[in-house]
Amino acid sequence: MKTCRLVILFSGEGSNMESIIHALHGKEFNDKRIEISAVITNNPDANGINRAKRLGIQCEVLNHRDFETREEFDSALCKLILTYSPSITILAGFMRILTPVFTSQIRALNIHPSLLPLFKGAHAIRESFDSCMKVAGVSVHFVSEELDSGAIVAQEAISKIDGEDFLSFKERIHALEHSLYPAAILKVLET
Ligand code: GRF
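Residues numbered from 1 in each chain as written. Predicted model: local features only at pLDDT ≥ 70, side-chain atom pairs only at ≥ 80, totals over all residues. Heavy atoms only, no water.

## Considering the overall build of the chain
Okay, so step 1: Looking only at helices and strands, one finds 6 helices and 8 strands in the chain.
Okay, so step 2: When the elements of the chain are put in sequence order from the N terminus, they spell out β-α-β-β-α-β-α-β-α-β-α-β-β-α.
Okay, so step 3: Relative to a compact globule of 191 residues, whose C-alpha radius of gyration would be 16 Å, the chain shows 16 Å and is just as compact.
Okay, so step 4: Its C-alpha atoms give the chain principal-axis dimensions of roughly 50 × 45 × 30 Å.
Okay, so step 5: The buried share of the chain, taken over its 191 residues, is 49%. (Helix = DSSP H or I, 4+ residues; strand = E, 2+ residues; numbered from the N terminus. Rg over C-alpha atoms; globule rule 2.2 N^0.38 Å. Buried < 20%, exposed > 50% of the residue type's maximum accessible area, 1.4 Å probe, protein only.)

Structure (structure tokens):
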């Protein structure tokens, strides 16, 4: 039985991190056992820290404010990630623009709450809600140098509902993220 170690990066609520831990940590899939070795946040006030503690997962805080440049932070982050020798690194609401220092060293996946390549950036859910499109959705993609632009691994759409308010729409997007991301991670680990 091969063990696949994962490291998850997050910045805030950490709901995707938690759903991945519930779905994959300590579980066996075909010939693989998955272990979430650690989670890492750049934000000492992130609520996800409490979630990780509750779940008994090692949580590291690396505050980006302690570094003068993005490159210095990315370099320290890579070093920390590599101490866990992950098969792949999982970005789950990690709200940092990454430099080539990171992308050249770390093979990583990210989740984005839109049907990429539409609505890149930090306001995807709002922009997708406000758009004239009849569908919205979620994408999981490899992390590349350009924001929200790496190869898409998995994508799922939902229909918009006439008269639905933003909060309910947002909740449906998050629920979709929570099911799609663990499945997409498994798919990548299988290949
Ligand atoms: C998610 O919607 C993710 O797609 C986006 O940021 C949000 C993070 O939520 N990048 P959480 O921290 O996982 O609850």
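Let us keep going from here.
## Examining helix 2 (residues 48–55)
Okay, so step 1: For helix 2, the full list of buried residues reads Gly48, Ile49, Arg51 and Ala52. Taken around the axis of helix 2, the buried residues stretch over an arc of 160°, which confines them to a single face. Exposed positions of helix 2 whose direction lies more than 90 degrees from the buried face are Lys53 and Arg54.
Okay, so step 2: Those residues of helix 2 that are buried are in contact with strand 1 (2–10), helix 1 (15–24), strand 3 (32–41) and strand 4 (59–61). (Arc of directions from axis to C-beta. Contact = heavy atoms within 4.5 Å.)

## Side note on the site of the ligand
Okay, so step 1: Taken together, Glu13, Gly14, Ser15, Asn16, Gly93, Ile111, Pro113, His174 and Glu177 make up the full set of residues adjacent to the ligand.
Okay, so step 2: Backbone polar atom of Asn16 to an oxygen atom of the ligand: 2.9 Å apart, as the coordinates give it.
Okay, so step 3: Between the ligand and the protein, one listed contact pairs an oxygen atom with a side-chain N or O atom of Glu177 at 2.3 Å.
Okay, so step 4: Surface burial for the ligand is 85%, taken as the share of its 370 Å² of free accessible area covered by protein chains.
Okay, so step 5: Considered class by class, the residues forming the shell around the ligand number 2 nonpolar, 5 polar and 2 charged. (Near = heavy atom within 4 Å. Polar contact = N/O pair within 3.5 Å; in protein donor to acceptor, adjacent residues only side chain to side chain. Areas by Shrake-Rupley, 256 points an atom, 1.4 Å probe, with all protein chains shown as cover. Nonpolar A, V, L, I, M, F, W, Y, C, P; charged D, E, K, R; others polar.)

## Section: unusual backbone geometry
Okay, so step 1: Of note, the amide linkage connecting Leu116 to Pro117 takes the cis form, showing an omega dihedral of 10°.
Okay, so step 2: By the element assignment, Pro117 lies in the loop between strand 6 (108–112) and helix 5 (124–130).
Okay, so step 3: The backbone phi angle of Asn30 is positive, close to 50°, even though this residue is not glycine.
Okay, so step 4: By secondary structure assignment, the location of Asn30 is in the loop between strand 2 (28–29) and strand 3.
Okay, so step 5: Despite not being glycine, Ser85 shows a phi value in the positive range, around 40°.

## Considerations on the pairing of strand 3
Okay, so step 1: In terms of residue burial, strand 3 counts as a mostly covered element, since 8 of its 10 residues are buried.
Okay, so step 2: Where strand 2 meets strand 3, 2 bridges bridge the pair, whose relative direction is antiparallel. What sits directly across from Phe29, in strand 3, is Lys32.
Okay, so step 3: Remark: 2 residues form the turn of the hairpin made by strand 2 and strand 3, two consecutive strands paired antiparallel; Asn30 in that turn has positive phi of roughly 50°.
Okay, so step 4: Here strand 3 pairs with strand 4 via 3 bridges, running parallel. The residue of strand 4 that forms the bridge with Thr41 is Val61. (Pairing = 2+ DSSP bridges.)

## Comments concerning the side chain of Ser19
Okay, so step 1: You can see Ser19 is positioned in helix 1.
Okay, so step 2: Residue classification places Ser19 among the buried residues on the basis of a relative accessible area of 13%.
Okay, so step 3: Within the structure, Ser19 has its side chain in polar contact with the backbone oxygen of Asn16 (distance 3.0 Å).
Okay, so step 4: The contacts of Ser19, once residues within four sequence positions are left out, are His178 and Pro182.

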